Amino acid sequence: MTNRVYNFSAGPSTLPEHVIQTVKEELLDYKGIGASIIEISHRLPIFEEILDSAKSLFSELTNLPKNYKILFMHGGAQMQFSAVPLNLMSHNFRKGSYFLTGRWGILAEKEAKRYGKTEIVLDGKEYEYLEIPEFDNDSLDSGSCYAHLTTNNTLFGTRWNSFPDTGKVPLVADATSDILSREIDYSNFGVVYAGFQKNLGIPGTAIVIIREDLIGNALPETPKLLDYGLYVKENSLPNTINVFAIYVMNLVIKWIKKQGGVSEMEKLAMKKSKLLYDVLDNSNFYKILAHPKNRSTMNVTFNINENILLEKFLNEAENEGFFALKGHSLVGGIRASIYNAMPLEGVEELSIFMKYFEKKYG
Ligand SMILES: Cc1ncc(COP(=O)(O)O)c(C=O)c1O
């Protein structure tokens, strides 16, 4: 494709070029039916094939245990901030526990308070969310209905390297910004969910992976379209699904399989992030924001001391074809989002640019 930049956007974010090419080729006439995938019924067998393929391929890529269901739901990741308490809080003991390691966890906890009590088991505020504090088991109420964490903190560039053991309390994970970028054992989780817009395609839809015993207990006030039980019963089709999002997601995970699966994505993510962290670690000019023990392999955050140089960096980078490197307004500085679809060459070229920039102005 012509005129493509290296797109470091945090989300929506870069897609594999092969996926976009396929969408382009198939858009007018999907597999010879004479109509586009975005103009046919979600109930037709030709779409159900896509839906089934997306589910079975995701299970294969993640070695998903048999007692888990996969749902596709509207509203992106934040809709799950409501769906989780509505489906997992028990009718007579409405309590959810939250690990606050960044903005998304904070918002999730705030939303849960509408439906019941919340408990904060850990809060990274004192580290300005650039480090994840140690988890003390005693801070978790063993009677809590679930414990919610964010696997990768998109704004701050931190992640959990290993996940806390919450015992009998089901662990719920928002994996929006690192799903399918590293191997995880799903049997350690009650629910894992993710918005599509980083490693799964385009925004507005979320995948929910849920252990079977947690399904079917939604609170009475749960809106119909947030009830996990209904999505299981209706094969994620309680109303018109976002056909296009599922279609793109299926292409994205087929692409992941072709690259060698999640283990290859993980190796690539380690390699790409190391390239950037190495430049940063060897520099007195740039400052890495995340604590070494929690560095993300998806969002690399750093800064330059002088504001004027920061502006210059962002402008010059954009002129060189490195798009959307500006950090989130709450954090400032620079953020390179290097999700699965970011090619190694993009990161290699960025690391060369960073060294060049330091040499010129440092
Ligand atoms: C970890 C995480 N959770 C939640 C969200 C919010 O996602 P959405 O806009 O799909 O609600 C984001 C941002 O994309 C995110 O990075």
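Asker: Explanation requested: the sheet that holds strand β5 (residues 147–150) in the structure shown.
Answerer: Strand-to-strand pairing in sheets goes through backbone hydrogen bonds, with the strands running parallel or antiparallel. One open sheet accounts for 7 strands, arranged β2-β10-β9-β8-β5-β3-β4; its pairing is mixed. The sheet terminates laterally at β2 (68–74) and β4 (117–123), the two strands that pair on one side only. In this sheet, neighbouring strand axes are inclined to one another by 20 degrees on average, regardless of whether the strands run parallel or antiparallel. Of the pairings in the sheet, the one linking strand β9 (residues 191–195) to strand β10 (residues 205–211) comprises 5 bridges and is antiparallel in character. If you follow Val192 over to β10, its bridge partner there is Ile209. Together, β2 and β10 form the strand contacts of helix α2 (residues 45–62), whose direction differs from that of β2 by roughly 130 degrees.

Asker: Can you help me understand helix α9 (residues 344–361) in this one?
Answerer: Each α-helix turn comprises 3.6 residues. Residues three or four places apart therefore point the same way. Counted at 1.5 Å a residue, the expected span for α9 with its 18 residues is 26 Å, and the 26 Å between its end C-alpha atoms agrees. Within α9 the residues assigned to the buried category are Leu344, Gly346, Val347, Leu350, Ser351, Phe353, Met354 and Phe357.

Asker: I keep staring at empty space enclosed by the protein and nothing clicks. Help me out?
Answerer: One water molecule sets the probe size; rolling that probe over the atoms shows where empty space is left. Scanning the model with the defined rule gives 2 cavities of 30 Å³ or more in all. Reported here for the largest cavity is a volume of approximately 60 Å³. Contributing to the lining of the largest cavity are Thr151, Phe163, Ala175, Asp178, Ile179, Leu180, Arg182, Ile184 and Tyr186. Residues of the lining of the largest cavity, tallied by class, amount to 6 nonpolar, 1 polar and 2 charged. One number sums up the size of the second largest cavity: a volume of about 40 Å³. Taken together, Thr14, Leu15, Pro16, Lys198, Asn199, Leu200, Gly201, Val252, Trp255, Ile256, Asn340 and Ala341 make up the full set of residues lining the second largest cavity.

Definitions and limits used
Residues numbered from 1 in each chain as written. Predicted model: local features only at pLDDT ≥ 70, side-chain atom pairs only at ≥ 80, totals over all residues. Heavy atoms only, no water. Pairing = 2+ DSSP bridges. Helix = DSSP H or I, 4+ residues; strand = E, 2+ residues; numbered from the N terminus. Axes fitted to C-alpha atoms, helices over the stretch in contact; angles between N-to-C directions. Contact = heavy atoms within 4.5 Å. Expected span 1.5 Å × (residues − 1). Buried < 20%, exposed > 50% of the residue type's maximum accessible area, 1.4 Å probe, protein only. 1 Å grid on protein atoms, 1.4 Å probe; cavity = no way out; pocket = protein on both sides within 12 Å on 5 of 7 lines; lining within 4 Å. Points joined across faces, edges and corners; volume = space filled by probe spheres on them. Nonpolar A, V, L, I, M, F, W, Y, C, P; charged D, E, K, R; others polar.

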